[in-house]
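Observations on the three-dimensional arrangement
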Amino acid sequence: MSVGETPITVVGNLTDDPELRFTPAGVAMARFTIASTPRTWDKTTNQWKDGTALFLRTTAWREVAEHVADSLTKGMRVVATGRLVQHNWQTPEGENRSMLGLELDDIGPSLKFATAKVTKAQRTNVGQSPTAGGDPWASAGPAPASGGPRGGEEPPF
């Protein structure tokens, strides 16, 4: 993580199935939205009360993107970590707009109300693996490059 980045962990539900796409350079990218709604217990009514929902547009890159598309579906509760990024643009009418998004580092299903079976993914690009046998879990080594767009890749929104 670089200086000045804003790390964040979000717990919420996917609002739709992740959309897997590939950049012209062949880099996998998955886009999806995580909805996180705070709940508080109202002692006067003895009921849960929902707060304002946060909808966070999320972008995953490379192997993580492919794993997200293979593993997660609409409605699943997830725990996601990454960096908040602000996207600025101008509408055709000349209005300035901005939105916050999440550049995903890691994600998994929440086990608070569910169970999950994890299957180790087989690496296809052995040359990019940090270990000799192509097994990224075999031993510690330098992490492969991750993060957002680089060198002409499509922007995350």
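Each value, and the rule that gives it
Residues numbered from 1 in each chain as written. Predicted model: local features only at pLDDT ≥ 70, side-chain atom pairs only at ≥ 80, totals over all residues. Heavy atoms only, no water. UniProt positions renumbered as here; feature names shortened; annotations may be inferred. Phe/Tyr/Trp six-rings, centres within 6.5 Å; stacked < 30°, edge-to-face > 60°. Buried < 20%, exposed > 50% of the residue type's maximum accessible area, 1.4 Å probe, protein only. Salt bridge = Lys/Arg side-chain N within 4 Å of Asp/Glu carboxyl O.

The chain is annotated in an unreviewed UniProt entry as Single-stranded DNA-binding protein from Kitasatospora terrestris. For the record of the chain, the UniProt heading Subunit (unreviewed entry) holds the text "Homotetramer."

A word on the packing of aromatic side chains. For the structure shown, the criterion picks out one aromatic pair. A ring pair is formed by Trp41 and Trp48, whose centres lie 5.4 Å apart and whose planes are at 75 degrees; its orientation type is edge-to-face. Trp41 gets classed as partly exposed once you look at its relative accessible area, which sits at 42%.

Two side chains carrying opposite charge are able to pair once their charged atoms lie near each other. Summed over the entire model, instances satisfying the criterion amount to four salt bridges. Glu19 is the salt-bridge partner of Arg21, the closest N and O atoms lying 3.8 Å from each other. Of the residues examined, Arg21 reaches a relative accessible area of 29% and is grouped as partly exposed. Residue Glu19 is classed as partly exposed on the basis of its relative accessible area, which comes to 37%. Put simply, Arg97 and Glu95 hold a salt bridge, and the shortest N to O gap is 2.7 Å. The class of Arg97 is partly exposed, set by a relative accessible area of 42%. We classify Glu95 as partly exposed; its relative accessible area is 39%.

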